[in-house]
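# Structure assessment
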Amino acid sequence: MKYQKINKTMIIALALFAVVIHVGNYTFFTMPSILFYAWHLFLGLFFIFLTNPLGKGKELTPSIQMACRVADWTLIILTIVVSGYVIINYESYVFNMQNNKLNNQLFVFGIIITLIVLEAGRRVLGNVLPLIAIVAIIYALFGNKIPGLFGHRGYSMQRVVLAIFSDRGVYGTPIGTSATNVYLFLLFAAFLNVSGADEIFQNIATALAGKKRGGPAKMAVIASAFFGTISGSCVANVVSTGAFTIPLMKRSGYRKDVAGAVEAVASTGGQIMPPIMGAAAFVLADVTGVQYATVCISALLPAFMYYFCLMKMVDLEAVKYGIKGLDESEIPDLGESLKRGMKLFVPVAVLLFMMLVLKTTPMKAAIFATASIIIFGLLDGKNRMKLQDMIDGAVSAGKSLCSVVGACATAGIVVAVFSLTGLGLKFSNFIVQMGGNSLIPSLILAMLVCAVLGMGLPTTAAYIVCATAIAPALVGLGVPLLPAHLFLMYFASLSAITPPVAVASYAAAGIAEENPMKVGLTAVKLGITGFILPFAFVLNTDYVTLTFSFQTLMTILSSIVICYSLACLLQGYVESRITIFERIGYLVVIVLAITPFFVHSAIGIVLFVVLYGGRQIEARKKYRILA
């Protein structure tokens, strides 16, 4: 017990120190970038070994438990030694790295930090990404023995360690993004949560959709969209909102696989939903050199289409099975819920105003938005924020950082090898050759690679690897930079609901008490828009280029028509069962409306009005006769 208390105290101290370092770097002082990244990696690794001890969750004998603690603290001490060296001797470290000088001491430290990062990645992410990193290192050392396209001239152990231990590796772009952007948004999300965001969002969702047909499923979609924008983690989203919504959906008449799938798809969408998308979106902004605010604006319409189609899918599922809404007694007062939510909406408004209107950096916007949460929390007379809440927020942000640092640091090893050996360019050339220099086959190959990588990797890590290996091929085939990277980010995100390894579907299946594969397959059907959208905005960039123009207005109108048509096509219902010819008609509507050509889109919209409007008129006539 004494050890646990010491451990808990250290976690709190480390969490508060992390807040000081990260907030301070953008307010009271500014460190050189590599020095700041070194502090960030040090804090992240320290957090990982404190909060994910060896043997966690297992029954251990006292002797084995002691051995595990010794191993943990050995890794922590080694982390302090290596990070301390880089921080204290920052100038000489940078000089040596820039001039490709690696003395014996740096060589040893480079090997140590590589092993530490691999173990940290294994603890928070599982075996897949560390194994990919190990294979990448072996490739760098022995790739000269591989004939053909993927062979290289060969590199010594010293050269490989130099690449990994430099700003091309563990202190490179992935960990830099985690340090500059991701942590501050994790802090913002953590403070929103301790302010009661999950309960407030749930109440608002229930008040808005609870009484409508299929109300519980619609509540799940709205609540998960709200919560997903601040959590950035699909599994965390499933567990938090799904614990309430999935049993409610089952109780109201939804099948168990549908209840789990609705929550999985809605939660996964949080990673692509502005204004606070998943960590991968921040990496995307850094890699492409595009402002994060621009990424959010570009992702807005596709995210809207994703949720709009899902909402219509669950609505038609309710029509199919005659599922009603909740009883009036179960619905909270919307006005009261919105009033309580003001202390959460104002910080989000501050964030958007600073990024979109004042054009400040995302880092400063996140800091000011977090400060506004604290101010409004202190002013809330009914549920005033306490000092313990602030400490809990800092600790929650630190724990959330673990998976991001594990992913980014381990992915940094892979990126270092790609950069050293030119493997990324070779892989891109391979994709182009396999696709026959044609865009559509190359996009399909890129999608498959993202899906395979995403099976065992978190979204951020899968996106980093895909962006390094595949994005140049898509850009080389004429795809604009931002749509190309959004394409890869989408499929890296959707791996969470793509069988056979679909982490969001598995988490939802556990709550729904249903077969995970069944939930996963149903999730693919309900979330089908997410699989179509990346192809749509690559082939028609109007979906990610919003302006105050007639073209954008037409694109938005087309997107609504596409979502409704896709839902009707897949479900086979409008207000009653539709014929096979109507389903074919909806397919034609989608094909016409999704194109960038005005005439085609207009024809598609007119055809949709005829098909959908006809069924609505028929339903109203039937209702009047029955009444």
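Just above sits the structure.
One numbering rule holds for all chains: residues counted from 1, following each sequence as written. At least 70 in pLDDT is required for a residue's local features to be given in this predicted model, at least 80 for side-chain atom pairs to be given and counted, and no such filter applies to totals for whole chains, interfaces and linings, which use all residues. Calculation of side-chain values draws on the structure's entire complement of heavy atoms; hydrogens and water are dropped beforehand.

## Regarding the overall build of the chain
To qualify as a helix, a DSSP run of H or I must reach at least 4 residues; to qualify as a strand, a run of E must reach at least 2; elements of each kind are numbered from the N terminus. Within the chain, the regular secondary structure consists of 28 helices and zero strands. Principal-axis analysis of the C-alpha atoms places the extent of the chain at approximately 90 × 65 × 50 Å. Only protein chains enter the accessibility calculation, which uses a 1.4 Å probe; a residue whose area is less than 20% of its type maximum is buried, one above 50% is exposed, and one in between is partly exposed. Expressed as a percentage of its 627 residues, the buried residues of the chain come to 56%. Considering only contacts within the chain whose residues lie at least 6 apart along the sequence, 76% involve residues at least 24 apart. Contact criterion: two residues are considered in contact whenever any of their non-hydrogen atoms come within 4.5 Å of each other.

## Quick look at the pattern of salt bridges
When charged atoms on two side chains of opposite charge get close, those side chains can pair. In what follows, salt bridge is the name for a side-chain nitrogen of Lys or Arg lying within 4 Å of a carboxyl oxygen of Asp or Glu. Here the structure, examined in full by the defined rule, presents 13 salt bridges. Of the charged contacts in the structure, one is a salt bridge between Glu514 and Lys518, with a shortest N-O distance of 4.0 Å.

## Concerning empty space enclosed by the protein
Cavity means a closed set of points on a 1 Å grid over the protein atoms alone, one where a 1.4 Å probe fits but cannot get out, pocket means an open set with protein on both sides within 12 Å along at least 5 of 7 lines, and lining means a residue has an atom within 4 Å of a point. Grid points are joined across faces, edges and corners, and a volume is the space filled by probe spheres set on the points. Considering all chains together, one arrives at two cavities of 30 Å³ or more under this definition. Contributing to the lining of the largest cavity are 13 residues, with Gln551, Thr555, Ser558, Thr595 and Ser601 lying nearest its centre. At the level of elements, α26 (550-571) and α28 (598-626) are the ones that each hand at least two residues to the lining of the largest cavity. Looking at the lining of the largest cavity, the element that brings in the most residues is α26, giving four residues. Each residue gets one of three labels, nonpolar for Ala, Val, Leu, Ile, Met, Phe, Trp, Tyr, Cys and Pro, charged for Asp, Glu, Lys and Arg, and polar for the others, Gly among them. Grouping the constituent residues of the lining of the largest cavity by class yields six nonpolar, six polar and one charged.

## Some details on the packing of helix α22 (residues 481-494) against helix α25 (residues 528-539)
To get an axis, a line is fitted to the C-alpha atoms, and for a helix only the part in contact is used. The angle between two axes follows their N-to-C directions and goes from 0 to 180 degrees. Close contact between α22 and α25 brings their axes to 9 Å; oriented N to C, the two are set at 175°. Considering their axes alone, α22 and α25 lie roughly antiparallel with respect to each other. Residues Pro483, Leu486, Phe487, Tyr490, Phe491 and Leu494 of α22 form the contact with α25, whose own contacting residues are Gly530, Phe531, Leu533, Pro534, Phe535, Phe537 and Val538. Angular relationships are summarised with four words: roughly parallel below 35 degrees, roughly antiparallel beyond 145, roughly perpendicular across 65 to 115, and oblique for the angles in between.

## Brief notes about the nonpolar core
Side-chain atoms within 4.5 Å link the members of a nonpolar core, which is a set of buried Ala, Val, Leu, Ile, Met, Phe, Trp, Tyr and Cys residues. The biggest cluster of nonpolar side chains holds 215 residues, and the ones touching the most others in it are Phe165, Phe487 and Leu488. Those residues in contact with Phe165 that sit more than four places away from it in its chain are Val82, Val86, Tyr93, Met97, Leu106, Phe109, Gly110, Ile113, Val170 and Tyr171. Of all hydrophobic cores here, the second largest spans eight residues; its members include Met219, Ala223, Leu326 and Ile331.

## Structural notes on unusual backbone geometry
Of note, the amide linkage connecting Pro274 to Pro275 takes the cis form, showing an omega dihedral of 10°. Within the fold, Pro275 resides in the loop between α12 (256-268) and α13 (279-288). Phi at Asn100 is positive, roughly 55°, even though this residue is not glycine. Considering the arrangement of structural elements, one finds Asn100 in the loop between α4 (90-98) and α5 (104-125).

## A closer look at the side chain of Thr288
Along the chain, the position of Thr288 falls in helix α13. From its side chain, Thr288 meets the backbone oxygen of Ala285 in a polar contact 3.5 Å long. N or O atoms within 3.5 Å of each other form a polar contact, as long as, within protein, one can give a hydrogen and the other can take it, and as long as residues adjacent in sequence are counted only when both atoms are side-chain atoms. For Thr288, the side chain forms a polar contact with the main-chain nitrogen of Val290, separated by 3.3 Å. If sequence neighbours within four positions are ignored, Thr288 has contacts with Leu481 and His485.

## Considering helix α18 (residues 423-434)
Expected span of a helix, by definition, is 1.5 Å for each gap between consecutive residues, and there is one gap fewer than residues. With 12 residues, α18 extends 16 Å from end C-alpha to end C-alpha; this agrees with the ideal 16 Å at 1.5 Å per step. Among the residues trailing α18, Gly436 stands out with phi positive, at a value near 65°.

## Section: the environment of Gly424
Within the fold, Gly424 resides in helix α18. As for Gly424 and Pro534, which are separated by 110 residues in sequence, their C-alpha atoms are 22 Å apart. With near-sequence residues (within four places) excluded, Gly424 lies in contact with Phe418, Thr468 and Ala469.

## Here's the deal with the environment of Phe491
By the secondary structure assignment, Phe491 is in helix α22. Expressed as a C-alpha distance, the spacing of Phe491 and Glu336, which sit 155 residues apart in the sequence, is 39 Å. Residues in contact with Phe491, not counting those within four places in the same chain, are Met447, Cys450, Phe531, Pro534 and Phe535.

## Comments concerning a nonpolar patch on the surface
Surface patches are drawn from residues lacking salt bridges whose relative accessible area is over 30%; two like charges belong together within 9 Å, two nonpolar side chains (Val, Leu, Ile, Met, Phe, Trp, Tyr) within 5 Å. For the accessible areas, the method is Shrake-Rupley and the probe is 1.4 Å, while residue cover comes only from the protein chains on display. Side chains of Val235, Val239, Val501, Val503, Tyr506, Met517 and Leu521 sit close together on the surface and give an oily, nonpolar patch of about 540 Å² of accessible area. Those elements that provide at least two residues to the nonpolar patch are α11 (234-252), α23 (503-512) and α24 (516-526). In this fold, Val503 is placed in helix α23. Take Val503: its relative accessible area is 41%, and that puts it in the partly exposed class.

## What about the packing of helix α1 (residues 2-24) against helix α8 (residues 173-194)?
Running from N to C, α1 and α8 point in directions that differ by 125°, and their axes come no closer than 11 Å. With respect to α8, the element α1 is oriented oblique. For the pair α1 and α8, the crossing hand works out as left-handed. The segment α1 lies against α8, with Ala15, Ala18, Val19, His22 and Val23 engaging Ala179, Tyr183, Leu184 and Leu187. By the definition used in this description, the sense in which the near helix is turned from the far one sets the handedness, with an anticlockwise turn below a right angle giving left-handed and a clockwise turn giving right-handed.

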